[in-house]
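Survey of secondary and tertiary structure
One-letter residues, chain by chain:
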Protein chains: 2
Amino acid sequence: MEGMQSVQCGAGCPLCAGPGGAQIWSDEAWRVVRVADDDFPAFYRVIAKPHVVEFTDLPLPEQQRCMALVCSVERVLRKQLAPTKINLASLGNMTPHLHWHVIARFDWDSHYPQPVWGTAQRSVEPSALALLPMPLARLDEAVHLGLHSPYT
Amino acid sequence: MEGMQSVQCGAGCPLCAGPGGAQIWSDEAWRVVRVADDDFPAFYRVIAKPHVVEFTDLPLPEQQRCMALVCSVERVLRKQLAPTKINLASLGNMTPHLHWHVIARFDWDSHYPQPVWGTAQRSVEPSALALLPMPLARLDEAVHLGLHSPYT
């Protein structure tokens with residue numbers, strides 16, 4: 001966390017007040033969670049623990065650390081799920097506390113090829129979770145293991 | 001470009017066939033363009049020149065180079081425009097050729113706080129361009145200059 005300056009946390013910041021998802025992994029400065037989203041079950045977030053707003057608020061080593069974590073999650077999702085595409089994003093308009101979305105997208109998912117924030121294109125039967133190539137518990141375990149292996 | 005393996009370009013890939021916007025800067029492996037978007041005039045893209053699909057297809061030095069370019073654009077947008085938020089994203093569902101969106105968002109813009117791919121929240125009068133704190137030509141120049149200065 002050295003050099004990672006936290007600004008004052010806004011009242012009610014949900015990523016200061018809580019984990020922001022099912023926690024998969026953490027260290028002193030970062031945590032990785034899985035978001036509960038029925039349409040996009042393979043949806044993880046890499047979240048700064050301090051209340052940092054923009055990516056360039058981080059010093060370079062922490063930017064690189066952050067992207068190493070993002071890449072670790074991306075690699076596991078690609079290996080385990082062979083998704084049509086990975087989507088990465090750091091938006092934070094609603095919650096201006098630095099967090100990266102790492103989402104496995106499939107050509108059969110409800111919004112593909114639209115972004116997950118766009119317009120639904122189809123309904124998915126029986127469910128996205130049922131169509132995922134592996135159970136979420138095993139995917140979480142693989143993401144967790146990936147975060148413990150070398151990042152590069 | 002060393003170590004940056006290009007996969008075969010899909011027929012009709014628009015980012016292989018053309019610049020994908022108004023070119024602001026380029027080197028052997030990357031280019032930065034400004035996207036023509038009436039709702040979001042301060043919308044830039046960092047685009048890999050080779051046909052790379054996912055961020056983790058890049059070797060680590062090129063990942064770091066890419067994010068240094070993204071951060072350079074982000075820093076200039078923050079300094080010149082003091083936006084409400086910066087949005088960063090690498091999606092590529094429609095165009096699976098690695099490109100990063102770097103977008104200055106304002107609390108008055110048409111979609112805020114929704115993502116630019118979400119639902120419009122308001123109409124903006126007279127135009128987003130007119131409300132931008134500086135002319136686009138000067139912003140482009142600042143982005144260009146930022147890309148020539150040290151990245152860290």
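Everything discussed here concerns the structure shown above.
One structure accompanies this document, and this report is about it. Since the model is a prediction, treat every value here as computed from it, not as a measurement.

Looking at the overall build of chain A
A tally of helices and strands in chain A yields four helices and five strands. Taken against the 2.2 N^0.38 rule, which gives 15 Å for 152 residues, the C-alpha radius of gyration of chain A at 15 Å falls within 12% of a compact globule. Taken over 152 residues, chain A has a buried fraction of 55%. Of the contacts formed within chain A by residues at least 6 apart in sequence, a portion of 56% connects residues at least 24 apart.

Overview of the relation of the copies chain B and chain A
At an RMSD of 0.0 Å, chain B and chain A line up after a rotation of 180 degrees and a shift of 0.0 Å along the axis. Taken together, the turn and the small shift mark the pair as related by a two-fold rotation axis. Relative to the rotation axis, the closest C-alpha in chain B is found at A89(B), a distance of 2.0 Å. Most of the interface of chain B is mirrored in chain A: 100% of its interface residues are interface residues there too.

Some remarks on the packing of aromatic side chains
All names here are of chain B. Tallied over the entire structure, the rule returns six aromatic pairs over all chains. Look at F106 and W108: their rings are 4.8 Å apart centre to centre, the planes differ by 15 degrees, and that puts the pair in the stacked class. Looking at F106, the relative accessible area reads 6%, which means it is buried.

Description of the pairing of strand β2 (residues 30–34) of chain A
Residues and elements named next belong to chain A. Of all the five residues making up β2, five are buried; the element is thus mostly covered by neighbouring parts of the structure. Every second residue of β2 is oriented toward a common face, with W30, V32 and R34 on one face and R31 and V33 on the other, all of them buried. Between strand β1 (residues 22–26) and β2, which pair antiparallel in sequence order, lie three residues.

Observations concerning the pairing of strand β3 (residues 43–48) of chain A
Summarising burial for β3(A): six of the six residues are buried, a large majority. Here β3(A) shows two buried faces, one formed by F43(A), R45(A) and I47(A) and the other by Y44(A), V46(A) and A48(A).

Focus on the state of the cysteines
Residues and elements named next belong to chain A. Under the criterion given, the structure shown has zero disulfides over all chains. C71 forms no disulfide, and the closest cysteine sulfur to it belongs to C66, at a distance of 9.5 Å. Judged by relative accessible area, C71 falls into the buried class, the value being 1%.

Structural notes on the interface of chain B and chain A
Taken together, the contact between chain B and chain A spans 33 residues of the former and 34 residues of the latter. Taking both sides of the interface into account, the surface hidden between chain B and chain A amounts to around 3000 Å²; carbon and sulfur atoms contribute 56%. If you look at where chain B meets chain A, you find four salt bridges. Inspection of the chain B/chain A interface yields 22 residue pairs in polar contact (both at pLDDT 80 or more).

Topic: helix α4 (residues 136–148) of chain A
Note that an α-helix has 3.6 residues per turn; residues three or four places apart therefore point the same way. Residue and element names in this part refer to chain A. In this model, α4 (13 residues) spans 19 Å end to end at C-alpha, consistent with the 18 Å of a helix rising 1.5 Å per residue. Listed in full, the buried residues belonging to α4 are L136, L139, D140, A142, V143, G146 and L147. Taken end-on, α4 shows its buried residues confined to a sector of 160 degrees, consistent with a single buried face. Of the exposed residues in α4, the ones pointing more than 90 degrees away from its buried face are A137, R138, L145 and H148. Where α4 is buried, its residues meet β1, β2, β3, α2 (60–81) and α3 (128–131).

Definitions and cut-offs
Residues numbered from 1 in each chain as written. Chains lettered and ligands numbered in written order. Predicted model: local features only at pLDDT ≥ 70, side-chain atom pairs only at ≥ 80, totals over all residues. Heavy atoms only, no water. Helix = DSSP H or I, 4+ residues; strand = E, 2+ residues; numbered from the N terminus. Rg over C-alpha atoms; globule rule 2.2 N^0.38 Å. Buried < 20%, exposed > 50% of the residue type's maximum accessible area, 1.4 Å probe, protein only. Contact = heavy atoms within 4.5 Å. Least-squares fit on C-alpha atoms with pLDDT ≥ 70 in both. Phe/Tyr/Trp six-rings, centres within 6.5 Å; stacked < 30°, edge-to-face > 60°. Pairing = 2+ DSSP bridges. Disulfide = S-S within 2.5 Å. Buried area = accessible area lost by both parts, 1.4 Å probe. Salt bridge = Lys/Arg side-chain N within 4 Å of Asp/Glu carboxyl O. Polar contact = N/O pair within 3.5 Å; in protein donor to acceptor, adjacent residues only side chain to side chain. Expected span 1.5 Å × (residues − 1). Arc of directions from axis to C-beta.

What is shown is where atoms sit, not what they do.
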